[in-house]
Amino acid sequence: MSDTLYLSNQLLIAMPAIGDPRFEQSVVLVCEHNREGAMGLVINKNMQISLADILSYIGHLSKDTDDRALSIPIFWGGPLDRDKGFVIHRSVGQWSNTRAIGEALAVTTSQDMLHALAKGRGPINESLVCFGCARWYPGQLEQEIAENVWLTMPAAPSVLFNCASSNRWTAAAAQMGIDFNYLSYDVGHA
């Protein structure tokens, strides 16, 4: 596969008949895709906990924690590495372990980002915190796309940061001109 066909910095939009309940109505940001496989983060499955819960758990919640940080939701990023945190954000700042996902986005896995968010110094309005990730072995993601499991589109910061998590699946599809309410799931021959 040539580099031009890799899907880093793309959104995967789960088709309605995906067949895996963990990924129903999911939107996944592909953080890395190469000949060794792919890694992505689900960006629309809220875990019903907040950054305040995480900060409290790791012992970094204090009275000077920025009020905006307390309500940052935590997302289920996928079924693997569930104890590992990932922060998707605009590509600004210098963090200990950051990887660019494209020109506009990056993902950081170091706690210094959580500390910066807690103090109101990080990209507090343009970040998503996920625990866990999704991985595909070489060729698996390409096969799933060929089988119409996923739609793909360029990563859209408006979907990531300006859209309620409960609306990201339909909003991403709408940016492609698709309304899932009008799709037929029947298979047959003419």
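Everything here concerns the structure above.
Rules of the game
Residues numbered from 1 in each chain as written. Predicted model: local features only at pLDDT ≥ 70, side-chain atom pairs only at ≥ 80, totals over all residues. Heavy atoms only, no water. Helix = DSSP H or I, 4+ residues; strand = E, 2+ residues; numbered from the N terminus. Rg over C-alpha atoms; globule rule 2.2 N^0.38 Å. Buried < 20%, exposed > 50% of the residue type's maximum accessible area, 1.4 Å probe, protein only. Contact = heavy atoms within 4.5 Å. Areas by Shrake-Rupley, 256 points an atom, 1.4 Å probe, with all protein chains shown as cover. Lys, Arg positive; Asp, Glu negative; His and termini not counted. Charge placed at Lys NZ, Arg CZ, Asp CG, Glu CD. Salt bridge = Lys/Arg side-chain N within 4 Å of Asp/Glu carboxyl O. Core = buried A, V, L, I, M, F, W, Y, C linked by side-chain atoms within 4.5 Å. Phe/Tyr/Trp six-rings, centres within 6.5 Å; stacked < 30°, edge-to-face > 60°.

Novice: Just to check I follow, could you spell out the overall build of the protein for this structure?
Specialist: Across its full length, the protein carries six helices and ten strands. Relative to its length of 190 residues, the protein is compact, with a C-alpha radius of gyration of 17 Å against a globular reference of 16 Å. Along the three orthogonal principal directions, the C-alpha set of the protein runs to about 65 × 35 × 25 Å. By residue count, 45% of the 190 residues in the protein fall in the buried class. Intrachain contacts of the protein at a sequence separation of at least 6 include 66% that bridge at least 24 residues. Carbon and sulfur atoms make up 48% of the accessible area of the protein, which amounts to about 10,200 Å² in all. Between the centroid of the 13 positive side chains of the protein and the centroid of its 19 negative side chains there is a distance of 8 Å.

Novice: Even after reading the chapter, I still don't get helix α3 (residues 111-118), so can you show me in this structure?
Specialist: An α-helical segment advances 3.6 residues per turn. Residues three or four places apart therefore align on the same side. By the burial criterion, the buried members of α3 are M113, L114, A116, L117 and A118. Residues of α3 that are buried make contact with α1 (51-57), α2 (67-70), β6 (80-90), β8 (105-108) and β9 (127-136). Just past α3, the residue G120 takes up positive phi, approximately 75 degrees.

Novice: Just to check I follow, could you spell out the environment of K84 for this structure?
Specialist: Structurally, K84 is set in strand β6. If near-sequence neighbours (up to four positions away) are discounted, K84 is found in contact with T109, C130, F131 and G132.

Novice: Would you mind showing me how to read the pattern of salt bridges here?
Specialist: For side chains of opposite charge, pairing can occur when their charged atoms come near one another. A complete count under the given rule lists six salt bridges for this structure. The salt bridge involving R22 is made with D20; its shortest N-O contact spans 2.8 Å. Close ionic contact of E126 with R90 constitutes a salt bridge, the shortest N to O distance being 3.3 Å. Placement of the pair is E126 in the loop between α3 and β9 and R90 in strand β6, with a sequence separation of 36 residues. The exposure class assigned to E126 is partly exposed, which follows from its relative accessible area of 29%.

Novice: Is there a simple way to explain the nonpolar core in this structure?
Specialist: Across soluble globular proteins, nonpolar side chains have a tendency to be buried as a group. Residues L11, L29, L41, I88, W150 and L160 are the most contacted members of the largest nonpolar core, which totals 44 residues. The residues contacting L11, other than those within four sequence positions of it, are V27, V28, L29, I43, L151, T152, M153, P154, A155, A156, V159 and L160. Among the nonpolar cores identified, the runner-up in size contains 16 residues, and I54, A69, I74 and L114 belong to it.

Novice: Would you mind showing me how to read unusual backbone geometry here?
Specialist: Residues apart from glycine generally show negative phi values, whereas peptide bonds are mostly found in trans. Phi at N9 is positive, roughly 70 degrees, even though this residue is not glycine. Assignment of secondary structure puts N9 in the segment before β1 (10-14). Residue classification places N9 among the partly exposed positions, given a relative accessible area of 24%.

Novice: Quick question: what am I supposed to make of the environment of L55 here?
Specialist: In this fold, L55 is placed in helix α1. Sequence-distant contacts of L55, defined by excluding residues within four places in its chain, comprise H60, L61, T65, L114 and A118.

Novice: Mind showing me how you'd approach the packing of aromatic side chains here?
Specialist: Each aromatic ring pair is specified by the distance between its two centres and by the angle formed by the two planes. Evaluation of the coordinates by the stated rule reveals four aromatic pairs. Centroid distance F23 to W76: 5.7 Å. Interplanar angle 55 degrees. Geometry classified as tilted. Of the two residues, F23 sits in the loop between β1 and β2 (27-34) while W76 sits in strand β5 (residues 73-76), which places them 53 residues apart along the sequence. Within the aromatic cluster, the residues linked to one another by ring pairs are F23, W76, W136 and W150.

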